[in-house]
Amino acid sequence: MPCSLTPPHLSLSLTPISLQTLFQSPEEGWQLYTSAQAPDGKCICTAVIPAQSTCSRDGRSRELRQLMEKVQNVSQSMEVLELRTYRDLQYVRGMETLMRSLDARLRAADGSLSAKSFQELKDRMTELLPLSSVLEQYKADTRTIVRLREEVRNLSGSLATIQEEMGAYGYEDLQQRVMALEARLHACAQKLGCGKLTGVSNPITVRAMGSRFGSWMTDTMAPSADSRVWYMDGYYKGRRVLEFRTLGDFIKGQNFIQHLLPQPWAGTGHVVYNGSLFYNKYQSNVVVKYHFRSRSVLVQRSLPGAGYNNTFPYSWGGFSDMDFMVDESGLWAVYTTNQNAGNIVVSRLDPHTLEVMRSWDTGYPKRSAGEAFMICGVLYVTNSHLAGAKVYFAYFTNTSSYEYTDVPFHNQYSHISMLDYNPRERALYTWNNGHQVLYNVTLFHVISTSGDP
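Residues numbered from 1 in each chain as written. Predicted model: local features only at pLDDT ≥ 70, side-chain atom pairs only at ≥ 80, totals over all residues. Heavy atoms only, no water.

**What about the nonpolar core?**
Argument step 1. Counting 21 residues, the largest nonpolar core has Leu 197, Phe 373, Ile 375, Tyr 380 and Leu 428 as its most contacted members.
Argument step 2. Contributing elements (two or more residues each) for this core: β3 (196-200), β17 (372-375), β18 (378-382), β19 (390-396), β21 (416-422) and β23 (435-444).
Argument step 3. For this core, the leading source of residues is β23, giving four residues. (Core = buried A, V, L, I, M, F, W, Y, C linked by side-chain atoms within 4.5 Å. Buried < 20%, exposed > 50% of the residue type's maximum accessible area, 1.4 Å probe, protein only. Helix = DSSP H or I, 4+ residues; strand = E, 2+ residues; numbered from the N terminus.)

**Some remarks on the sheet that holds strand β12 (residues 296-302)**
Argument step 1. Read across the open sheet, the four strands follow the order β9-β10-β11-β12; overall the sheet is antiparallel. Here the strands that pair on one side only, and so sit at the sheet edges, are β9 (265-273) and β12. Pairs of neighbouring strands in the sheet enclose a mean axial angle of 20°, with direction left out of account.
Argument step 2. Here strand β11 (residues 286-291) runs beside β12; their pairing, made up of six bridges, is antiparallel. (Pairing = 2+ DSSP bridges. Axes fitted to C-alpha atoms, helices over the stretch in contact; angles between N-to-C directions.)

**Description of the sheet that holds strand β8 (residues 256-260)**
Argument step 1. Spatial strand order, β5-β6-β7-β8: four strands in an open sheet with antiparallel pairing. Two strands bound the open sheet, and with one partner strand each, they are β5 (214-217) and β8. With strand direction ignored, the average angle separating the axes of adjacent strands in the sheet is 20°.
Argument step 2. Pairing between strand β7 (residues 240-244) and β8: five bridges, direction antiparallel. Within β8, the position partnered with Glu 243 by the bridge is Ile 257.

**Re the side chain of Glu 243**
Argument step 1. With respect to the element layout, Glu 243 can be found in strand β7.
Argument step 2. Judged by its relative accessible area of 11%, Glu 243 falls in the buried class.
Argument step 3. A polar contact of 2.8 Å, which involves the side chain of Glu 243, links it to the side chain of His 259. (Polar contact = N/O pair within 3.5 Å; in protein donor to acceptor, adjacent residues only side chain to side chain.)

**Comments concerning the pattern of salt bridges**
Argument step 1. All chains considered together, the criterion is met by seven salt bridges.
Argument step 2. The shortest N-O distance in the salt bridge between Glu 425 and Arg 424 comes to 3.2 Å.
Argument step 3. Residue class for Glu 425 comes out partly exposed when judged on its relative accessible area of 24%.
Argument step 4. Among the residues examined, Arg 424 registers a relative accessible area of 7% and is labelled buried.
Argument step 5. If you follow the salt bridges from partner to partner, you end up with Asp 226, Arg 228 and Glu 243 in one network. (Salt bridge = Lys/Arg side-chain N within 4 Å of Asp/Glu carboxyl O.)

**Regarding the environment of His 410**
Argument step 1. Within the secondary structure, His 410 is located in the loop between β20 (401-408) and β21.
Argument step 2. Sequence-distant contacts of His 410, defined by excluding residues within four places in its chain, comprise Pro 203 and Tyr 439. (Contact = heavy atoms within 4.5 Å.)

**Comments concerning the confidence of the model for the protein chain**
Argument step 1. For the protein chain, per-residue confidence averages 78 on the pLDDT scale, and 66% of positions sit at 70 or higher.
Argument step 2. Note on residues 1-38: pLDDT under 50 across the span, and 94 contacts to partners over four residues away in sequence or across chains.
Argument step 3. In the model, residues 447-453 has pLDDT below 50 throughout and makes 16 contacts with residues more than four positions away in sequence or in other chains. (pLDDT = per-residue confidence, 0-100.)

Dropping the structure here:
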């Protein structure tokens, strides 16, 4: 009979450790090293900390760990949000400087400008005037993020204290605080970082490596100091994933380690999110979550009704039936089913369990799509994988509506087999005929001034 590591049979104390240390591996826990039964019937255990769990863990401890993981995720998301907000703030401040310069020129003109020059300056000032209120709102939003960061710091301290004492007090209150923080963070992300796609830059070729088809990516949830790159060559039966230490190492082809997946992949629609790789298992509609640090599969689950084995691929084929994506609001799966008559289905996935949280039928035939990507809860679809492609269709999950678009997209090497948005960098990652290519995107958004998120 396995022993239980719960009082009163066994009393253990924990040394407080940081969030970074606590979540190095999802397999951390208590491992039974030896066990025996004392004359009074009590279970005597020797435990090794941390290691693979053999004895059952206290339920409250598991709940506490889940809370701490959520706080860590909030903290990482806030770092990404701060970086992007800072970039936008710098841009708007530059416009404010320009506005002040124009205003000074107007005031100093004293009739020395021609009527045409004066009117041009006046028109330019009129265009820039709305930026004044936008700048003030950005400053207010920056203060909001500072307050959120302080709340995260205080909450982390409370959780660490409870972890040290292994007490159960205050858990429900802490749970509510974590949920409130998550909600406020998502509201901030939607308000500050999101908008409608209005432009895609010219391509930036990072490297030419591998076969015609493949995928490459960075972790959308990693801190700014983490610039690892993952590389997966080919579109079916592959199991080899290369992890490069930095983008510079990827460009040079040096300083990498190899992961050998336990199940082969299908397609090129993989994504790395919060330390794990999400991919479609070959010859199935199974989603696999592979954790890089522990080199193990954390969970796998069938996507109900999803086509596979080139049943509903993109126009280029390549077993691209299932495409996983990450944007500002989380993890998505793009696929289709017989029930949806081959039209693209967008599903929001729980990244921990891989359960479908909600689905949308876009009405757009998947076989007519070149590739697709998600930005701010909007699915954008290109009309071809070949030269001359453009972003042709947009589906808005927040309103369950769509529109046809006309955003030029320069397909330099004439055959795109992977296209994914990275919200951390606000860039599109592309595999184009054996070339690894980046595109910057332009998002237009109107900032609400109705108060804090």
